Every structure is written in structure tokens, then in C-alpha cells.
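# Topology and contacts: notes
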Amino acid sequence: MAITPYEGLRETVTAVAANYRDQLEVTAILGDLASGAIYARKAERDGYDVIISRGGTAEMILKNVAIPVINIEVSGYDYMRAIKLADNIKGLKAFVGFAYITERARSVNELLQTDIDIFTINEEKEIAPLLKKLTSQGYELIIGDVATCRTAEELDIRRLLLTSGEESVIDAFESVIAWTKAYSASMERLQLLQQVALFSDRKVVVLAENGDLIYAAADLEAMGLTTEELRQYIAGAGSGAARNFMVTKECTVLYISMKELISDQGVRQWAFYIEEVMTDGVERLHGVTVRNFKVGPADREFLRQAGIYTQETIRAARSFCFSAQPVLLTGDNGVGKMELAVSIHRYSDRWNKPFIQIDCAAVSPLDVMSGLLQNGRRLREGGTVCFEAIESIPRQQQRPLLDALERLDNGKLRFMATGRSELRQMSVSGEFDEKLYRFFAQLSLYIPNISESRQNLRKVVSFYVIEANTKLGRQVVGVDDEAMELIETHSWPYNFEQLQQAVFQMVLMAEGSSVGRKEAQAVIDAREYSPGGARMGLEGTLEEIELRVIRAVLEEEKGNMSRTAERLGVGRSTLWRKLRAESSRTVSNL
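Residues numbered from 1 in each chain as written. Predicted model: local features only at pLDDT ≥ 70, side-chain atom pairs only at ≥ 80, totals over all residues. Heavy atoms only, no water.

## Describing the overall build of the protein chain
- The secondary structure content of the protein chain amounts to 26 helices and 19 strands.
- The contacts of the protein chain with a sequence gap of at least 6 include a subset with a gap of at least 24, amounting to 69%.
- About 27,700 Å² of surface is accessible on the protein chain, with carbon and sulfur atoms providing 48% of the total. (Helix = DSSP H or I, 4+ residues; strand = E, 2+ residues; numbered from the N terminus. Contact = heavy atoms within 4.5 Å. Areas by Shrake-Rupley, 256 points an atom, 1.4 Å probe, with all protein chains shown as cover.)

And the structure:
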């Protein structure tokens, strides 16, 4: 069993395992610290012989199982790749970790003659204060292991995970083979040991202050929960603090109350009381996402490190954090409207309350809000509700939705919405309810597209490469100049979202240590629509062909509905009706 603390390592383990099919049967899953320990104990009960993991996760597993645990080391190549990749980011950079990590990093840093500052910690609790201090001093990138990068993510700090490459995974597999040859007799005896855990029906879990599981009267796995999920809420809780948050799990929403417990001996513990709310089926939950933040941002300077928004956009959005009025964010597809809405919530005083995102193209927002009114009393205890793509709401549901919002608008909930650039014109022409538009537009902001914002694409692309390496298990160190020139001169109709997808594909296709012109050109060519160079497909019904033409012209016009309607010789309302009909059919098919 390979229990990996991040997705990219699982991908690497799976790829390497293919070369060991004749010697090892490998199962790779994602698990970190306490959750990894749970998976490890289950693996032990299921008869696995050896577990491989990395860093702190491997140490935690070792304390919880009797079978051998092999550590996936971080090699010198891994350090060199990380430091080389970080060198693409201009500005202050810091390497943060325990001594066994920073000592090697210091040697590689000196060898490569890079300008990365190195900070050593002795305990995990030192990470958050140190990262906050570094952020206040202007550091733009934090490099470290899983514990460091997880804390940086919670604090909204740019980070680069020190990943393990194929060489390290191969060494771990070879160690497993050597161990099994030496201790095969002991392994047979260990396979006879099985532990049976019986949980009561009460849905309560108690964790120690350090996050260790003390008591569980609930089947966490059956509910889709892990102790690691619960543990993350302890770090940001002050003495005596109580927290309420929401977690969506397939066909239900879990409402979890967290309370501090103090034993007679003064030992601090945390109890989590779990109950199910809004269990009306997949139809209600499809298209609803809930985000909970464990701690506030590290730096109160709003989005100081954001790469895709203009300074004017950031200044306006920052002012919205200090108000409880509804917010409307408009702009083209892919400009980061929902990401900005989340940031406004997070930097406000409501950061410790749920952020409920409702995709209006996938679910009826009226049904969701009706559920809040009928049986979601706990869900109305503060937080933010954000309606994504409100232009997708059917016209006949818009006024009833406004009525529901006004009944809920008691000062506890804050409402936000995202929409297309043409939303104001739609409200004027009657295609969208004017009163509903005015309700959301009490605070309104237009987000420029990629051609209007003229952001530093080199910096944005470098951050996308870092994210792609972590998620895809690659070790690409950057984008060369010729590839970067192609990226900078290409038109991106769907803006930063499309750019990020393209960079991820380039990183996946890269044959060398960096993305070259060949990979960049191949990805751009594959995503380019060229009406002059290719024949429009005539397969399907007349309605399907018509929709392909609409989508092609809409992409050429960079999502501008007015120009698209003018070119096609139809009214804007007709165009919206056809696209909404297509969206409704897609949702019903799902």
C-alpha cells in the first residue's frame, strides 16, 4: 500500500509500479498524517505486507501499525528541480522546513548559486507564525514539504511543494523487495493479525489537541470524512472557541459543530458532533459546493500576491470585504470571477463561516434557497451564498428567487453573484429581472479579460507550472523563451482559465526539463479554432449544427454576445434562448 501525501506522488507511484508488476502488487491512495494512519490500519487489517509513504505521513503511520513502513526519500535531484523551478519566480523566496530538509536544501542552494533564503523549524506549530512573518516581509514564494505547503495554502500564500521524483520511488520499491526477501516468515505471521473496530450509531468524534484520534462513535469512512479533515479545524481555533461548518458529501450535507473539552487533568481535547442536513437527494446537491476555511489569510493586504487581477480590480474588491451588502462580479468566461468572490469572503469578518457556491447552470437556485428556508435552520447561521452564472436562471424563476432572498436577508447571510458582461443590458431589455439585478448589484465590479488586463503572463505561467507539477507528478522547471513568446502572443478567448488548462497540458507533454516551443505550439494548435483552415462538421441534426456555429463565432468574438448576435444576424435574446436550451438539455442528460 502506497499512502501518498499529495496527488502528484500518487501519479508517480502508479507509473513506477507498472515496472514491478511481476514482483509487487501495489495500491496507491491519497492520505496525509492522521488520515494516512487510518488508511494504514485498514491496510494492515486487509492483509497488506508493507506500506510506503513519505516524510511526516510515514512517521505518523509507523506509530499506528505493526507492519513495516518504508519512507520515500527526497533525493538531491528533487531538491535541484525545486530550487531551479523557484528561480523562475522573481522576488523574495524562502525554503521552510525541518533540519533534515533544510540542510540538504542549503547545500543545493549554494551549489546552484541561487538566492533562496532558508529557514529551519523544530516543530510543526512553528510553521504558521513563521510564514506570516515572511509574508509581511514581502516573500512571494514558500518552498517546503507537505506540512509547510499545506499551512501556506491555508494562509493563502504562494507555495512550491518539494516533490519526490521517480528515482526516489524506485529506491523505495527496491527497499520493499529487499525487506520481503529477508522477513517473509514474519510477514506471514503478521497477515494473521486482524483488528475489528465497532462504532456506535452516535456521530461524535473526539480528537486530542495535536489532532490524534481519541474516540470515534461514528463510521467516518462511511460518511466520507477523515480525521485529517477535522484536525485542520483545530489549528485556527482559539481557547474556548466553538465553530460550526458545513461539508458536502455526495447525497448529503454534513453540519458539524466543534466544541472544546477540558479534562479534569487540564488536557485539552475537541469534540465534533456530526449531523446530516438537506438529504433530499442528488438533484438538490448537484451544483452546490461548500468551502470552509480553517484560519484567516496570513496577510491582511488583500490579494497582494494575486497574478491575474489588475490593481484597480483588487482595490475595488478589497473595499467589498468591509460590507455586508450583496456583490455582483461580471466579466467574460475564465477571468476568475468565482475566485475573486471567494477571496472577498475570506478576507472579510465572515471567513470562519461557510461559503456556499450555487452553480445556476447545474441546479435550480430557487430549490436550494427553498431548502434553506424549510429545513436548513443551521445553514442560515451566517456565511456567504454565491450564485454562479446567474444569467442561466430561467426567467420565470428569477422573481421567486428574489422573494426567497429577501426573506433570508436578515443580516446573517451575505449574497454574491457572478455573471456575464452583458448582464446589465439584459436587465434593461427585460431578458433578466431588473429587480433581481439591482438586488445583487448594490456593489458591482467588472473584471477585465486577459487582453484588457495586460498582466505579467510570465509570472502567471510560472505559478501555473508549479501547480501542474504538484498535481501531475512532473518536475518541469519552467517555460523556455520561444514557448513563452507563443503564449504571450496567442489570443486566449477563455482567458486565464483557458491559459491554465493549456499550461497544464504543456507540462504534461514536456519531454525535457522545461516546456519548449514544440509542446507549446502543439497545445495551442489543438485548442485553436480555424474556420478558414478546416471544414465545419455537418454531422448531427440541424439544431446541433446551428449550435456548433454559434459556439464557434462566440469563441472568435471572445464571448461577446452582442457582437456574436450581430454577426449571425439574430437578436441577442434569441441567442441566449438557444444557448440556455442547450444548457438545460445538458443538465437533464446528466
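## Here's the deal with the packing of aromatic side chains
- One pass over the structure, following the stated rule, counts 6 aromatic pairs.
- A ring pair is formed by Phe119 and Tyr139, whose centres lie 6.1 Å apart and whose planes are at 85 degrees; its orientation type is edge-to-face. Residue Phe119 is found in strand 6 (residues 117-121), and its partner Tyr139 is found in strand 7 (residues 139-144); the two are separated by 20 residues along the sequence.
- Phe119 gets classed as partly exposed once you look at its relative accessible area, which sits at 24%.
- Ring centres of Phe415 and Phe439 lie 6.0 Å apart, and the angle between their planes is 55 degrees; on these two criteria the pair is classed as tilted. (Phe/Tyr/Trp six-rings, centres within 6.5 Å; stacked < 30°, edge-to-face > 60°. Buried < 20%, exposed > 50% of the residue type's maximum accessible area, 1.4 Å probe, protein only.)

## Quick word on unusual backbone geometry
- With phi around 55 degrees, Gln113 is a residue other than glycine that occupies positive phi space.
- The topology assignment puts Gln113 in the loop between helix 5 (99-112) and strand 6.
- Using a relative accessible area of 72% as the deciding quantity, one classes Gln113 as exposed.
- Phi angles above zero are rare outside glycine, and Asn495 is one such case at about 60 degrees.
- With respect to the helices and strands, Asn495 occurs in helix 22 (residues 495-509).

## As for the sheet that holds strand 16 (residues 355-359)
- Strand order across the open sheet formed by 6 strands is 14-16-17-18-15-19, with mixed pairing between neighbours. If you trace the sheet from one side to the other, it starts and ends with strand 14 (288-291) and strand 19 (443-446), each paired once. Across the sheet, the mean angle separating the axes of adjacent strands is 15 degrees when strand polarity is ignored.
- Where strand 16 meets strand 17 (residues 383-388), 5 bridges bridge the pair, whose relative direction is parallel. What sits directly across from Gln357, in strand 17, is Cys386.
- The strands touched by helix 13 (residues 311-320) within the sheet are strand 15 (327-330), strand 18 (413-419) and strand 19, with strand 19 carrying the most contacts at an inclination of about 160 degrees. (Pairing = 2+ DSSP bridges. Axes fitted to C-alpha atoms, helices over the stretch in contact; angles between N-to-C directions.)

## Focus: a nonpolar patch on the surface
- Taken together, Met80, Leu111 and Leu112 make up a surface patch of nonpolar side chains, about 260 Å² in accessible area.
- With respect to the helices and strands, the residue Leu111 is situated in helix 5.
- Given a relative accessible area of 61%, Leu111 falls into the exposed group. (Patch = residues over 30% accessible without salt bridge, like charges linked within 9 Å, V, L, I, M, F, W, Y side chains within 5 Å. Salt bridge = Lys/Arg side-chain N within 4 Å of Asp/Glu carboxyl O.)

## Some points on the packing of helix 20 (residues 457-472) against helix 21 (residues 481-489)
- In the contact formed by helix 20 and helix 21, the axes pass within 11 Å of each other and the chain directions differ by 110 degrees. Our classification of the angle between helix 20 and helix 21 gives roughly perpendicular. For the pair helix 20 and helix 21, the sense of crossing is right-handed. Across the interface between the two elements, Leu457, Arg458 and Val461 of helix 20 pack against Asp481, Met484, Ile487 and Glu488 of helix 21.
- Partitioning the contact of helix 20 with helix 21 into residue classes produces 4 nonpolar, no polar and 3 charged. (Parallel < 35°, antiparallel > 145°, perpendicular 65-115°, else oblique. Left-handed = near helix turned anticlockwise from the far one by under 90°. Nonpolar A, V, L, I, M, F, W, Y, C, P; charged D, E, K, R; others polar.)

## Remarks on the packing of helix 20 against helix 22
- Relative to each other, helix 20 and helix 22 sit at 55 degrees, their axes nearing to 9 Å. One finds that helix 20 runs oblique with respect to helix 22. When you trace helix 20 past helix 22, the crossing you get is right-handed. Together, Leu457, Val460, Val461, Tyr464, Val465, Glu467, Ala468, Asn469, Lys471 and Leu472 of helix 20 and Phe496, Leu499, Gln500, Val503, Phe504, Val507 and Leu508 of helix 22 make up the contact between the two elements.
- Grouping the amino acids of the contact of helix 20 with helix 22 by side-chain chemistry returns 13 nonpolar, 2 polar and 2 charged.

## Re the confidence of the model for the protein chain
- Model confidence for the protein chain is summarised by a mean pLDDT of 80, while 81% of its residues fall at 70 or above.
- When the criterion is pLDDT under 50, residues 190-202 qualifies, and its contacts beyond four places in sequence or with other chains add up to 20 contacts.
- Confidence over residues 529-535 falls short of pLDDT 50; this stretch has 5 contacts with residues more than four positions distant or in other chains. (pLDDT = per-residue confidence, 0-100.)

## Points about the sheet that holds strand 6
- Ordered by their spatial adjacency, 4 strands build an open sheet running 6-5-7-8, and the pairing between neighbours is parallel. In the strand order of this sheet, the two ends are held by strand 6 and strand 8 (159-161), each with one partner. The average angle at which neighbouring strand axes cross in this sheet is 25 degrees, direction not considered.
- With 5 bridges joining them, strand 5 (residues 92-98) and strand 6 adopt parallel strand pairing.

## A closer look at the nonpolar core
- Phe95, Ile344 and Leu499 are the most contacted members of the largest nonpolar core, which totals 69 residues.
- Sort the elements by how many residues they give to this core and helix 20 lands first, with 8 residues.
- Beyond its immediate chain neighbours, meaning those up to four positions away, Leu499 contacts Ile450, Leu457, Val460, Val461, Tyr464, Ile487 and Trp492.
- Tyr255, Leu366, Leu401 and Leu408 belong to the second largest nonpolar core, which has 32 residues in total. (Core = buried A, V, L, I, M, F, W, Y, C linked by side-chain atoms within 4.5 Å.)

## Notes on helix 7 (residues 146-154)
- Of all 9 residues in helix 7, 8 are buried, a share of seventy percent or more.
- Within helix 7, burial applies to Val146, Ala147, Thr148, Cys149, Arg150, Thr151, Ala152 and Glu154.
- The N-cap of helix 7, judged by a side-chain oxygen 3.4 Å from the amide nitrogen of Ala147 a few residues on, is Asp145. (Polar contact = N/O pair within 3.5 Å; in protein donor to acceptor, adjacent residues only side chain to side chain.)

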